[in-house]
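# Geometric and topological summary
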Amino acid sequence: MFKSIFIIILFFAAFIRVYAAEDRFLLQGQVTDALSGQTLPGATVFNPESGRGVTTDMEGGFEILVAGGEQEIRVTYVGFEDWAETVSIPYSGILTISLKPVERLLDEVVVTGRRPGDHVERTEMGVFRMEAQTIQQIPAMMGEVDLISAIQMLPGVQSVGEGSGGFNVRGGGIDQNLILMDQATVYNASHLMGFFSVFNNDIVEDIHLYKGNIPARHGGRLASLLDVRMKEGSMESFGGTGGIGTISSRLMLEGPVVRDRVSFIAAARRSYADLFIPLSDNPELRGNKLYFYDLNLKLNAVLNERNRLQYSSYHGKDYFRMGQNSVFSMDWGNTTHSLRWNRIMHRDWLLNTHLVYTSYDYSIMQKGDANSSFRWRAGNEDIGGKADISWFPSDAHNVNMGFSTIYHRFDPGLLTGIDDESFFGELGSTRSGALSHAVYVSNEQAVTDALSLEYGLRFSVFQSMGPATVYLYDDQHEYVGETNYGSREIYNTWSGFEPRFGIGYTFHKDASVKASYNRNLQYLHLASYSDGGNPLDIWVPSSARVRPQIGNQFALGYFRNLRPSNRVIEASVEAFYKTMYNQIDFKENAWLMLNPRLEGEFRFGDAWAYGAEFLLRKSEGDLTGWIAYTWSRAKRQIDEINNGMVYPASYDRPHSLNLVMNYNLSPRVNLSAAWVYSTGAPVTLPAGRFEYGNHIAPVYTRRNAHRLPDYHRLDLGATIKSRRSTQDGFYGEWTISVYNAYYRKNTWMLDFRPGEEPGEMEAYKVYLFPVLPSVTYNFYF
Amino acid sequence: MNNKKIRTFFMVTAIVLFMASCTERIDLDLEGDLATLVIDARITDIDEGSKVIITKTTSYFFNQPPPVASGARVMLSADKGSWLLKEESPGKYILPPDFAADHKSSYTLEVDIADAVFHAHSTMPKPVHLDSLSIRPHHWLPGQFDLLIHFRDPPEIDNFYMWKVYRNDVLLTDSLLKVPFTDGEPFKGRYVSAPVYVLQPEDGILQRGDVYRVETYSITEEYFEFLLAMLRNQGATGGPFAGPPSNIPSNFSNGALGFFMTTAVTSAEIAVP
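Residues take numbers from 1 onward in each chain, read along the sequence in its written order. As they are written, the chains are lettered A onward and the ligands numbered 1 onward, keeping that order. At least 70 in pLDDT is required for a residue's local features to be given in this predicted model, at least 80 for side-chain atom pairs to be given and counted, and no such filter applies to totals for whole chains, interfaces and linings, which use all residues.

Elements are defined by DSSP. Helices are runs of H or I of four residues or more, strands are runs of E of two residues or more, and each kind is numbered from the N terminus. Of regular secondary structure, chain A possesses four helices and 50 strands. The globule rule used for comparison is 2.2 Å times the number of residues to the exponent 0.38, while the radius of gyration itself is calculated over C-alpha atoms. For 781 residues, the compact-globule estimate of 2.2 N^0.38 gives 28 Å, and the C-alpha radius of gyration of chain A, at 27 Å, lies within 12% of that figure. Projected onto its principal axes, the C-alpha coordinates of chain A cover approximately 90 × 70 × 50 Å. Expressed as a percentage of the 781 residues in chain A, the buried residues total 49%. Each residue gets a C-beta atom placed from its backbone, and two residues are in contact if those atoms lie within 7 Å. Restricting to contacts in chain A with at least 6 residues of sequence separation, those with at least 24 account for 62%. Three exposure classes are used, all based on how many other C-beta atoms lie within 10 Å of a residue's own C-beta (placed from the backbone): buried at 20 or more, exposed at 12 or fewer, and partly exposed between those limits.

Here we come to the overall build of chain B. Helix and strand counts for chain B come out as two helices and 17 strands. For chain B, the proportion of contacts with a sequence separation of at least 24, taken over those separated by at least 6, is 64%.

To estimate the expected span of a helix, count its residues, drop one, and scale the result by 1.5 Å. The first and last C-alpha atoms of helix α2 (residues 221–232) of chain B sit 16 Å apart over twelve residues, in line with the 16 Å expected at 1.5 Å per residue. B:E222, B:Y223, B:F224, B:E225, B:F226, B:L227 and B:M230 are the residues of α2(B) that are buried. Looking at the packing, one finds that the buried side of α2(B) touches β44 (695–699) of chain A together with β12 (160–167), β14 (181–183), β16 (211–219) and β17 (257–271) of chain B.

As a further point, take the domain arrangement of chain A. All names here are of chain A. By the assigned domains, chain A splits into domain 1 (2–101) and domain 2 (229–780). In this structure, domain 1 and domain 2 have C-alpha centres spaced 34 Å apart. Taken residue by residue, the interface counts 20 residues in domain 1 and 22 residues in domain 2. Counting residues per element, the ones that place at least two in the side of domain 1 that touches domain 2 are α1 (2–13), β1 (24–33), β3 (52–55) and β4 (61–67). If you tally residues by element for the side of domain 1 that touches domain 2, the top one is β4, at four residues. Boundaries between domains were set according to an automatic or database domain assignment.

This brings us to the sheet that holds strand β1 (residues 22–26) of chain B. Ordered in space as β48(A)-β49(A)-β1(B), the three strands form an open sheet in which the pairing is antiparallel. One side of each edge strand has no neighbouring strand; the edge strands of this open sheet are β48 (749–754) of chain A together with β1 of chain B. Neighbouring strand axes in the sheet, compared pairwise and without regard to direction, differ in orientation by 35° on average. In this analysis, strands are considered paired if DSSP registers two or more bridges between them. Pairing between strand β49 (residues 761–767) of chain A and β1(B): five bridges, direction antiparallel. The residue of β1(B) that forms the bridge with A:V766 is B:T23. Lines are fitted to the C-alpha atoms to define the axes, a helix being fitted only along its stretch in contact, and any angle between axes, read from their N-to-C directions, falls within 0 to 180 degrees.

Our focus in this paragraph is the sheet that holds strand β4 (residues 73–78) of chain B. All names here are of chain B. In spatial order, the strands read β5-β4-β8-β9; together these four strands make up an open sheet with antiparallel pairing. Two strands close off the open sheet at either side, each with one partner strand: β5 (81–84) and β9 (116–123). Ignoring which end each strand starts from, the neighbouring axes of this sheet average 15° apart. Of the strand pairs in this sheet, β4 and β5 are connected by four bridges, and their pairing is antiparallel. The residue of β5 that forms the bridge with M75 is L84.

Counting residues in each nonpolar core, the largest one holds 119 residues, and the members touching the most others are A:I135, A:L147, A:I151, A:M153, A:V204, A:L226 and A:V228. Looking at this core element by element, the count peaks at five residues for strand β37 (residues 602–618) of chain A. A:I151 has contacts with A:V157, A:F167, A:L209 and A:L226, leaving out every residue within four places of it along the chain. Throughout this description, the term nonpolar core refers to a group of buried Ala, Val, Leu, Ile, Met, Phe, Trp, Tyr and Cys residues whose C-beta atoms join them within 7 Å. Counting 45 residues, the second largest nonpolar core, distinct from the first, contains A:F690, A:Y700, B:A69 and B:I248.

Attention now moves to the domain arrangement of chain B. Residue and element names in this part refer to chain B. Once the domains are mapped, chain B shows domain 1 (37–125 + 249–262) and domain 2 (127–222 + 265–271). Using only C-alpha atoms to locate each centre, domain 1 and domain 2 end up separated by 27 Å. Between domain 1 and domain 2, the contact holds eleven residues from the first and six residues from the second. Sorting the residues of the side of domain 1 that touches domain 2 by element identifies β9 and β17 as the ones contributing at least two each. Residues are grouped as follows: nonpolar covers Ala, Val, Leu, Ile, Met, Phe, Trp, Tyr, Cys and Pro; charged covers Asp, Glu, Lys and Arg; every other residue, Gly included, is treated as polar. Taken together, the residues of the side of domain 1 that touches domain 2 sort by class into three nonpolar, seven polar and one charged.

To continue, consider the pairing of β4(A). Residue and element names in this part refer to chain A. Counting buried positions along β4 yields five of seven residues, so the element is predominantly enclosed. Looking at chain direction, β1 and β4 are connected through seven bridges and run antiparallel. By the bridge assignment, L26 is partnered in β4 with L65.

Residues and elements named next belong to chain B. Here strand β2 (residues 37–44) pairs with strand β3 (residues 51–56) via six bridges, running antiparallel. Residue D40 lies in a different strand from β3, and its bridge partner there is I53. A loop of six residues connects β2 with β3, the two strands running antiparallel in sequence, and E48 in this loop sits at a positive phi of about 60°. One ladder, built from two bridges, connects β3 with strand β7 (residues 92–94); its direction is antiparallel. Residue pairing in the sheet places I53 in a bridge with K92 of β7.

Attention shifts here to the environment of A:A555. All names here are of chain A. Its place among the elements puts A555 in strand β35 (residues 549–562). Residues A555 and S495, 60 residues apart in the sequence, show an inter-C-alpha distance of 25 Å. Setting aside residues up to four positions removed in sequence, A555 forms contacts with M125, G126, G212, A515, S516, E574, A575 and F576.

Turning next to the environment of B:S250. Residues and elements named next belong to chain B. Assignment of secondary structure puts S250 in the loop between α2 and β17. Using a count of 24 C-beta atoms within 10 Å as the deciding quantity, one classes S250 as buried. Here S250 is in contact with A256, L257, G258 and F259, once residues within four sequence places are set aside.

Right, let's get into the environment of B:A41. Residues and elements named next belong to chain B. Locating A41 in the fold gives a position in strand β2. Residue classification places A41 among the buried residues on the basis of 25 C-beta atoms within 10 Å. Linking A41 and I54, residues 13 residues apart in sequence, is a C-alpha distance of 8.3 Å. Contact partners of A41, with chain neighbours within four places excluded, come to V52, L109, F260 and M261.

Right, let's get into unusual backbone geometry. All names here are of chain A. The step from I89 to P90 runs through a cis peptide bond, and the omega angle for that step is 0°. Note on placement: P90 falls in the loop between β6 (83–89) and β7 (95–99). Of note, the phi angle at H477 is positive, near 65°, even though the residue is not glycine. Assignment of secondary structure puts H477 in the loop between β29 (468–473) and β30 (479–485). Judged by the 15 C-beta atoms lying within 10 Å of it, H477 is partly exposed.

A separate point is the confidence of the model for chain A. One number per residue, pLDDT, summarises how confident the predictor is, and it ranges from 0 to 100. Taken as a whole, chain A shows an average pLDDT of 87; of its residues, 91% reach a score of 70 or greater. Taken together, the stretch residues 1–22 of chain A has pLDDT below 50 and engages in ten contacts with residues farther than four places along the chain or on a different chain.

Let's shift gears to the confidence of the model for chain B. All names here are of chain B. In this model, chain B carries an average pLDDT of 85, and 88% of its residues clear a pLDDT of 70 or more. This model gives residues 1–19 a pLDDT under 50, and the stretch forms 29 contacts once residues within four places in sequence are excluded. With a pTM of 0.84, the predicted complex shows an ipTM of 0.87.

Structure, rendered in C-alpha cells:
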C-alpha cells in the first residue's frame with residue numbers, strides 16, 4: 001500500500017513545474033454578470049503583455065500568472081461587452097469583474113457559456129457542453145423542452161426508444177450513466193414512464209455530458225456523467241419566466257433576498273392532462289388521476305469575498321390513481337438536497353464542500369377493499385458529503401483532490417397488507433445499507449504550449465452494511481443457504497483503483513489530437529426487466545455475489561476548427577474502445593420485484609463496445625446547430641444467455657445520424673429543426689412455436705438476432721417573440737412545434753396476437769405518435 | 001423458492017393504458033425448421049381430466065394445427081404401480097380406466113418415441129376446498145361484477161392455485177390471459193375473500209338462476225412458474241419496456257417442450273338469486 005502511494009506521489013510530482021516567483025504574481029478573480037450578479041463560467045481572461053489567457057471555471061473564477069507592475073487585463077465573453085482595465089500587480093484580494101450584457105434582445109440570441117472553438121485546446125475528450133438556451137431551441141415533443149431529449153441528439157448518445165427517458169452512451173446501459181443535479185445523484189430521471197425528464201429547463205443553467213474521461217472527482221458509473229447545473233437567482237433584481245403548454249405549465253421566480261448578498265430562485269411545473277378527466281363522458285374515467293410535478297429551489301449567499309454558500313433542492317413526483325371507492329394508486333419520484341460551501345483559501349487554493357441527500361422511491365397502494373388492501377413501497381436513499389480542493393499553481397496548471405463518503409440505504413420493496421383483515425402478509429425484503437468512499441487526486445497541466453496532460457487517480461471503496469440477510473448460491477446459481485448480519489456490521493468490502501489519463505497535442509490554434517484512457521468501477525446496479533427502465537426498477541448494491549462492474553475506455557480524437565467567413569465551425573472525430581467486466585443480465589423468466597433472493601436471478605459476463613463519432617458544430621451566427629454521425633457496436637457475452645454465444649446488446653445500433661438546426665430569421669422569429677436517424681434496435685423474435693392447451697407459445701433460439709426497422713423522424717419548431725421588449729418589464733413568445741413532421745410510423749414494438757381462426761397468429765407493429773403539433777406560450781418578466 | 005409473489009397485472013395495465021399507441025398489421029418472415037417434441041401432459045383427480053397430447057413445434061406463423069406425434073409409448077408410474085397410456089386418437093394418449101389419482105403421490109411420466117426417451121416428475125398437490133362464492137358490483141367498472149371466492153389457505157403447506165370459471169357449464173376462462181392463478185404465499189394460512197374473476201358484459205348479462213361454478217386447481221410450484229412464463233412471454237416484443245423475451249421452462253428431460261402437471265381439483269358454485 002505505502003509503495004503504491006509513493007509511486008503515485010512520484011507520478012504527480014514529476015509534472016509539477018517550479019515557477020520562479022520573483023517577477024510573476026498570481027492574480028485571482030471572478031467574472032460576473034453585472035445585471036444579474038451570476039457568475040460567468042467560460043469567460044476569457046487575457047493579459048496582453050504576457051500573451052497568456054485563461055478561461056473562467058464553473059464558478060466564474062480564474063487565476064492568471066502576470067508580471068508585477070501595471071498590467072492590462074482584458075475579459076471577453078460572448079453576449080457581454082468587453083472589459084479592459086489596468087491592475088496594479090501584486091493585487092491583494094480577489095479581483096471582481098462585472099461584465100455588462102450587450103443589448104438585451106441581442107443577448108437572448110447569442111448568450112453562450114463557452115467560447116466556440118475551445119474544444120481544440122482543452123485536454124478533455126468526449127465532453128459536450130450545452131446551455132439551457134440551446135436545449136430550449138431544439139423542437140420538443142408536445143412543446144416540453146427537455147434536456148434528456150436534447151442529449152439524445154449528441155454523437156455517441158442513443159435514445160433507448162421513442163419516448164424513453166433512458167439513454168445509452170457509447171455502448172453502455174441506462175444504469176451506467178451518473179446523473180447529477182447540483183451534485184446530488186438523480187436515480188430515476190423520468191416522468192410519465194420516460195416521456196419527460198425531471199429537469200425543468202427554466203431552472204437549468206447548463207449541462208456537461210462526459211462520455212468518457214469522467215473527471216477523477218466523479219465515479220461510480222461506467223458509461224457517462226451528466227452534470228446538470230441549476231441557475232442561480234439574480235442578486236440584482238426580481239424576475240421570472242413561465243409558460244403554458246400542451247402538457248404542463250411552469251413558473252420560475254428569482255431575485256435578491258438581500259441585494260448583492262443573497263438570492264433565490266424557485267421553479268414549479270405541473271402537468272394537467274388529468275384536470276380534464278372529470279369532464280369526460282366516460283364515467284369510468286372520472287375518478288382517475290395522472291399527473292407529475294417538479295419543485296426546485298436554490299438559494300445563493302455571498303458571505304464575503306472568500307466564502308459562498310449555496311443550497312439547492314428538488315422534489316418531484318408522478319401520481320396515478322384509478323377508481324373512486326376502491327382505489328388503486330401509484331406514485332414515484334425523486335427528492336434531492338445539496339448544500340455547498342465554496343471557500344477561496346490562501347491565494348491559489350479553492351475549497352468546495354458539499355453535503356448531499358438524495359432519494360428515489362415509489363409506492364403502490366390498493367385500498368377500500370379491506371381484505372385485498374395492500375401497500376408496496378420501495379426506493380433508495382443516499383446521504384453523504386464530499387470535499388474538493390483545487391490548487392492553481394499557475395494559470396495553466398490545476399491540481400484537484402478530495403474525498404467523498406456516502407451512506408446508501410436500499411429498500412428493495414416490501415408489500416404489506418394495510419389492515420388486519422387483509423389477506424396479504426408481508427412480502428419482499430427489508431432494508432439494507434452500504435457505505436461508499438472515494439479519494440482522488442488529479443492534475444491538469446499544459447506542459448508546453450502545445451502539449452497538455454490531464455491525469456488522475458481515484459480509489460473507491462464500497463462496504464455492505466447490516467442488518468441484512470445474505471442468500472448464498474452455488475456455481476449453478478442454486479440457493480444453498482443464508483447468513484444474517486447484525487446492525488451496522490460491515491460484511492463485505494470491494495475496492496479498486498480508477499486511473500484516468502488524457503493527453504492533448506495542439507498543432508496550431510485550430511487543430512489538435514487527443515488520447516485518453518479511463519477506468520471506472522460501478523457498485524450500484526439497476527434491476528430492470530426493460531431496456532428503457534420503468535418506475536418500479538430498483539438499485540441493487542454490489543455484494544459478495546454481485547461484483548462491481550469494471551469499465552475501461554480508450555479514446556482517440558482529432559479536433560479541428562474550420563473558419564469560413566470569420567465564423568468557427570467545430571469539427572471532431574473521436575474513436576473509442578471499451579471493455580466492461582462483471583456485466584449483469586438476468587436469467588430467463590427472472591423475477592425482479594419483491595424478491596428477497598433477487599441476486600439469484602442475476603447472471604454475469606462481459607461486454608465491449610467500440611465506435612467512431614463525427615461531429616460538426618456551429619454555435620455562432622444566425623444559423624447554428626450540429627450534425628453528428630456515429631458508427632458503433634455494443635456486444636455482450638454471458639455464459640447462461642444465448643447459449644454462451646456473443647450477442648448484440650439491446651442498444652447496439654450501428655448507424656446513427658442527428659441533425660439539429662436553428663435559424664434566427666429575424667430578431668423576433670426563430671426557426672428550428674431536428675432530424676434523427678438510427679439503425680433499428682435489436683430484438684429477439686421467435687424461431688418457432690408450440691401449442692399448449694389452446695395457447696400458442698413462442699420458442700426463441702437466439703438473443704437479439706433480428707432488428708426493428710430503422711428509426712427516423714423530423715421535428716420542426718418556431719418561436720415568435722412579442723414586439724414589446726424586456727425594457728417594458730414583460731414580454732412573451734409563442735413556440736409552435738411539430739413532432740414527427742412527416743408521419744413516420746416508427747416501430748415502437750412488435751406485438752403477436754391470435755388471429756380469428758384457431759391457431760392463427762398475426763404480427764402487428766405498434767407505433768406511438770402520429771404528427772404531433774403543440775403550442776406553448778412562454779413569458780418573461 | 002417462494003419468491004413468485006403476485007402478478008404484476010396492474011402494473012402492466014397502468015403502462016398500457018397510457019400509451020396512446022396505434023397498431024398496424026405487418027408481415028414478418030420468421031421461417032424456422034425446429035421440430036422439437038412438445039408434451040402436454042395433465043394428470044388430475046377428476047374423471048376424464050387426465051390426458052397426454054404429443055405434438056411438434058412449427059414455424060411461428062404456421063397457423064395450422066401442429067403435427068402430432070403418433071406411436072409413442074407413454075407410461076405413467078408411481079409407488080403404487082404403473083399405467084401404460086393408450087393412444088385414443090393420433091397424438092392423444094389416455095389413462096386406463098383403473099387409474100385413480102393419489103394426492104401427495106409422486107408420478108413419473110415416460111415418453112418413448114423414435115428411439116428417444118423423455119422423462120418428467122410431478123408430485124400431486126392436496127386439494128383445497130372453497131367455503132363459498134359471492135358476487136358484487138365492481139368497484140370502478142360500471143356494468144361489471146366481481147366473482148369472489150372465500151376460503152382459508154391451508155397454513156401447513158406452500159400452495160399454488162389456478163381457477164377455472166364456468167357460467168352455466170360454459171367455460172369463461174377459456175384462454176390463458178383469463179385464467180387466474182397465484183402463489184399462496186402472500187396469504188399463507190389466512191382467510192381469503194377475494195375477487196377471482198371480473199364478470200364482463202361479453203361473459204353474458206347476470207340473470208336470475210344463472211349458475212357460476214369455480215374449479216380450484218391445486219398446482220405445483222413448477223407449474224405455477226410455467227404458467228407465469230407462458231403469460232409473460234406472449235404478445236409484445238421489442239420496445240423500451242419489453243426486455244428480452246424468455247423461453248418457457250419445461251420439466252421434461254432431453255429437450256422436450258411442454259409440461260407434465262398433476263393437479264387436485266375441487267369445485268364450488270353459486271346461483272344468482
